[in-house]
Structures are given as structure tokens and as C-alpha cells.
Amino acid sequence: MAEAGDVVIGFPQEQELDSMLHLMCASFGIPYEPTRDIFRNDPYFNIENKRVLRVGSKIVSCLTIVESICWIGSASVPIAGVANVATLEAYREMGFAKLLLTDTMETLKKRCY
């Protein structure tokens, strides 16, 4: 596993979105080109709901936070889930997805989920 100082978790930068999408497409066996337009034109797209784990400057793991509303009786309750968790094949089984998920849970707590 990389040194702790080499691992950085956070939101992707705009210029990293293509790298993130390449990672997701490779992980899930989805063709990149047709997916790129869907990814970029998603009406619910919010870069603050995309999370990446970098080793050095390389994105090796990513996920998407999915926000929604749940109705309990007449009350609406905000909820959040996690989707599209992916890690580059060469970096799997090293604990990176777990680190990313754990950090994301802290982010969700700060957002009051």
C-alpha cells in the first residue's frame, strides 16, 4: 500500500473528470465514448457528489454520492447512498476502496445524513 502521505481523498478537479470516467468504464466494462456524453450531461451531475482517491497524482479509486428524499408519512427526509465504486485493477485488494468509503461516510455525516 502507498504511504499515507501519498494518498489524498477528495472531490475531483474538473480536469480529472475524464480520468474518473475512464476508471469507471474500465471497471464496469462500459464503452467510454458513448458514456462520456451521458456522464457530462446528467441533469443531476454535481461534482461535489463525486469522490476520488489519489495515489500521488493518479486517481485509483472513485465513487458517486447519490442524494435523494425519502418520505416517511408526511415528512420528507434527506438520504444519501453510494454508487459506482470503482478501483483500478492494479490497485485492487489494497484497501483503497475501503479508505474512500470510510472518508465518504465522514463527509456524509458532515452533511447531516
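Quick note: structure is the one above.
Being a predicted model, the structure only gives us computed values, none of them experimental.

Engineer: Which residues make up the side chain of N49, and what values do they have?
Structural biologist: Position of N49 among the secondary structure elements: in the loop between α2 (32–41) and β2 (50–55). On the accessibility criterion, N49 (8% relative accessible area) is buried. Non-local contacts of N49, meaning those with residues more than four positions away in its chain, are made with L63, T64, I65, E67 and R111.

Engineer: Outline helix α1 (residues 17–28), listing residues and values.
Structural biologist: End to end, α1 covers 16 Å across twelve residues, agreeing with the expected 16 Å (1.5 Å per residue, within 8%). Every buried residue belonging to α1 is among L17, M20, L21, L23, M24 and C25, and all of these are buried. As for α1, its buried residues are in contact with α2, β2, β3 (58–72) and β4 (75–87). Downstream of α1 by one or two residues, G29 has phi in the positive range, about 65°.

Engineer: For unusual backbone geometry, give the residues involved together with the corresponding values.
Structural biologist: The residue N84 is not glycine, and still its phi comes out positive at about 55°. On the secondary structure map, N84 appears in strand β4. Taking relative accessible area as the criterion, N84 reaches 36% and is therefore assigned partly exposed. Phi is positive for C112, which is not a glycine, with a value near 70°. Inspection of the secondary structure puts C112 in the segment after α3 (96–110).

Analysis parameters
- Residues numbered from 1 in each chain as written.
- Predicted model: local features only at pLDDT ≥ 70, side-chain atom pairs only at ≥ 80, totals over all residues.
- Heavy atoms only, no water.
- Helix = DSSP H or I, 4+ residues; strand = E, 2+ residues; numbered from the N terminus.
- Buried < 20%, exposed > 50% of the residue type's maximum accessible area, 1.4 Å probe, protein only.
- Contact = heavy atoms within 4.5 Å.
- Expected span 1.5 Å × (residues − 1).

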